[in-house]
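# Understanding the architecture of this molecule
Take a look at the letters that make up each chain.
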Amino acid sequence: MSRGIDYGNLMHSAMRGLIRRVLTDVSERGLPGQHHFFITFDTTHPDVIIADWLRDRYPEEMTVVVQHWFEDLNVGEDAFSVTLNFGDNPEPLFIPYDAIRTFVDPSVEFGLRFETQDSDDDDEDDDEDDILAELDADDAPSGTTPKDAEVVSLDSFRK
């Protein structure tokens, strides 16, 4: 009986470790320069903790932006928590790394996508460029005026 190397799970573990390291650095030092994150996560994951009104509004997945206004970013081994502002309502979120579907930093055109086993075979041809936000310098936020957190669809940034 031969065993195989599960490269998919190994890669996902490494990618989650990268996210954990980035968030740890941000929690200790703040966001450098124009860096900011679009984090899409599965709201049906059993360990996700969000307000009921957010779960009602986003019953399957939600994308949050960590940029100008966030606080209480706590990074753990298996999850992170953060408080974001939704229309002048601070809301704490608890997000396991296993619930993350995409992690994008459009300021440097970096993105990670976690494939699920129920993904269509057509998705295999997609690459990192499909989830990267292609912002030109004129469209980039100035970073000088704090804004509330937003839930955005990454589709609006695709070409």
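Residues numbered from 1 in each chain as written. Predicted model: local features only at pLDDT ≥ 70, side-chain atom pairs only at ≥ 80, totals over all residues. Heavy atoms only, no water.

Summing up its helical and strand segments, the protein chain has two helices and seven strands in all. Going from N to C terminus, the protein chain has its helices and strands arranged as α-β-α-β-β-β-β-β-β. Counting only residues that meet the buried cut, the protein chain has 36% of its 159 residues in that class. Counted over contacts in the protein chain with a minimum sequence separation of 6, partners at least 24 positions apart contribute 57%. Accessible area of the protein chain: about 9900 Å², with a carbon and sulfur share of 45%. (Helix = DSSP H or I, 4+ residues; strand = E, 2+ residues; numbered from the N terminus. Buried < 20%, exposed > 50% of the residue type's maximum accessible area, 1.4 Å probe, protein only. Contact = heavy atoms within 4.5 Å. Areas by Shrake-Rupley, 256 points an atom, 1.4 Å probe, with all protein chains shown as cover.)

Further remarks concern the sheet that holds strand β5 (residues 90-96). Taken in spatial order, the three strands line up as β3-β4-β5 in an open sheet, and their pairing is antiparallel. Edge strands, defined here as strands with exactly one partner in the open sheet, are β3 (70-75) and β5. Sheet twist, expressed as the mean angle between neighbouring strand axes with direction ignored, is 15 degrees. Across seven bridges, strand β4 (residues 79-85) lies against β5 in antiparallel orientation. Residue pairing in the sheet places leucine 84 in a bridge with glutamate 91 of β5. (Pairing = 2+ DSSP bridges. Axes fitted to C-alpha atoms, helices over the stretch in contact; angles between N-to-C directions.)

Phe80 and Leu93 are the most contacted members of the largest nonpolar core, which totals 28 residues. Listing elements by their share of this core, those giving two or more residues are α1 (7-29), β1 (37-42), β2 (61-66), β4, β5 and β6 (100-105). The leading source of residues in this core is α1, at four residues. Not counting chain neighbours up to four residues away, the residues in contact with phenylalanine 80 comprise Leu23, Ile39, Leu73, Asn74, Val75, Leu93, Phe94, Ile95, Tyr97 and Ile100. (Core = buried A, V, L, I, M, F, W, Y, C linked by side-chain atoms within 4.5 Å.)

Okay, the sheet that holds β1 next. The strand order β2-β1-β6-β7 describes an open sheet built from four strands, whose pairing is antiparallel. In this open sheet, the two strands that pair with only one neighbour each are β2 and β7 (110-113). Across the sheet, the mean angle from the axis of one strand to that of its neighbour is 10 degrees, orientation sign disregarded. Sheet topology note: the β1/β6 ladder contains four bridges and is antiparallel.

Of all six residues that make up β2, five are buried, and the element is covered over most of its length. In this structure, β1 lies alongside β2, joined through six bridges in antiparallel fashion. Residue pairing across strands places phenylalanine 37 opposite valine 66, the latter belonging to β2.

On to the environment of glutamate 61. Mapping glutamate 61 onto the fold places it in strand β2. Its relative accessible area of 38% is what places glutamate 61 among the partly exposed residues. Through-space distance from the C-alpha of glutamate 61 to that of arginine 101 is 8.6 Å; in sequence the pair is 40 residues apart.

What follows concerns the pairing of β7. Of the pairings in the sheet, the one linking β6 to β7 comprises four bridges and is antiparallel in character. Paired with phenylalanine 103 across the bridge in β7 is leucine 112.

Tracing the backbone through its elements, the reader meets histidine 36 in the loop between α1 and β1. Looking at histidine 36, its side chain comes within polar contact range of the main-chain oxygen of glutamine 34, at 2.8 Å. (Polar contact = N/O pair within 3.5 Å; in protein donor to acceptor, adjacent residues only side chain to side chain.)

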